[in-house]
Amino acid sequence: MPELPEVETVRRWLAPALTGGRLVDVTLRREDLRYPIPVRAVSGAVGGQITAVRRRAKYLLLDVDPGAGPTQDTEPRSPHVASLLIHLGMSGRCWLGAAEDAPPWRDHEHWRMAFDTPAGPQLLRYQDARRFGALDVVWSATPHRLLTTLGPEPFDPAWTGARLYAETRGRRAAIKAVLMDAKRVVGVGNIYASEACWRARVHPLKPAGRVGRAACDRLVRSARDVLTEAIDAGGSTLKDFVGGDENPGYFQQRLDVYGRDGAPCHRCGERSQVTRTVLLARATFFCAACQR
Ligand SMILES: [Zn+2]
């Protein structure tokens, strides 16, 4: 499943290609993915200029300046589509390439967007075998229901050890579950939560309310570090994710505990092996000797 680092890498790849370009065509082969696609609204964005490609949690946002809109439509647009929202779901993948003469549709390819950009025509294609992804619009002046409940970004300076500490006092939920709660902080997926706990030397099942102030600082720092390293790794494996025919999977990144059950702890050596357990139906890995 694409996680925050994969989505951020896709964003970094789309942004320079599409920013400043104009959306000139949208082709939908179905009217729903995980949710219904607002077909008229998406089509109504045609003619708009892409002013930015942003990411919020795992949502890609193509900001659209409607400008004067299509030539036949001189009505002022209020409200108008402010952004196209793309979510990759479980198996969504994007292709971007110089627009050719209608390349054949791939299996499970659900939509295409054509852009006129300063570098020439570009075609963005979306493939999603399991169809848990989404294509939606964000209206101007109306918060989107999927975006309103989200906590801060992990790289947002507002997400601090002090905040994590304050939010978890009295809470019995496992600290790893809190790290994965998108209302507290977005983007710390299952692998990254296990890795952050190991780096911070905090047991993932420890009740959050009993995690001390210094440990909260270490958890925030560790979560940022593992995500940063994954994004950095993404640069080298990007082709596999956005263009090739291989399954994308996770970026190649050194993992200290995830998937290493029974192997020696990278901190304790042969004295302690990594243990696997299950928390909220998610595989969870830790070292019982150095994580408290
Ligand atoms: Zn250890």
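Right, let's walk through the structure included here. Every value quoted in this text rests on a predicted model; they were computed, and no experiment measured them.

Calculation rules
- Counting from 1, residues in each chain are numbered in the order their sequence is written.
- Whole-chain, interface and lining totals are the exception, using all residues; otherwise, since this is a predicted model, local features are given only for residues with pLDDT of at least 70 and side-chain atom pairs are given and counted only at 80 or more.
- Side-chain metrics in this entry use all non-hydrogen atoms of the structure; hydrogen atoms and water are not considered.
- Because water is not among the atoms used, a metal site may look incomplete, as its donors are only the N, O and S atoms within 2.8 Å, or 3.2 Å for Na, K and Ca.
- Donor angles set the geometry label: tetrahedral for four donors if every angle is between 85 and 135 degrees, square planar for four and octahedral for six if opposite donors exceed 155 degrees and the others are between 65 and 115, irregular for anything else.
- Going along the chain from the N terminus, every DSSP run of H or I of four or more residues is numbered as a helix, and every run of E of two or more is numbered as a strand.
- Only protein chains enter the accessibility calculation, which uses a 1.4 Å probe; a residue is then buried when its area is under 20% of its type maximum, exposed when over 50%, and partly exposed in between.
- Salt bridge, as applied in this entry: a Lys or Arg side-chain nitrogen positioned within 4 Å of an Asp or Glu carboxyl oxygen.
- By definition, the arc is the one covered by directions from the helix axis to the C-beta atoms.

So, on to the coordination of the zinc ion. In the first shell of the zinc ion, the protein supplies Cys265 (SG), Cys268 (SG), Cys287 (SG) and Cys290 (SG), at 2.2 to 2.3 Å from the metal. With four donor atoms in place around the zinc ion and angles of 104 to 114° between them, the coordination shape is tetrahedral. Mapped onto the polypeptide sequence, the residues donating to the zinc ion form the spacing pattern C-x2-C-x18-C-x2-C. One end of the pair, Cys265, is in strand 9 (residues 264-265); the other, Cys287, is in strand 11 (residues 282-287), and 22 residues separate them in sequence. Like Cys287, Cys265 is buried.

A separate point is the pattern of salt bridges. Tallied over the full model, the rule gives 16 salt bridges. Across the pair Asp63 and Arg54 runs a salt bridge whose closest N-O atoms are separated by 2.7 Å. We classify Asp63 as buried; its relative accessible area is 13%. With relative accessibility at 39%, the residue Arg54 sits in the partly exposed group. In this structure, Arg254 and Asp256 form a salt bridge, with 2.8 Å as the shortest nitrogen-oxygen distance. Accessibility expressed as a relative area gives 58% for Arg254, which makes it exposed. Counted as one network, the salt bridges with shared partners bring together Glu8, Arg11, Arg12, Arg55, Arg56 and Glu153.

The set of residues buried in helix 3 (residues 161-168) consists of Gly161, Leu164 and Thr168. The buried side chains of helix 3 occupy one side of the element, clustering within an arc of 65° when seen end-on. One or two residues past the end of helix 3 sits Gly170, with phi positive at roughly 80°.

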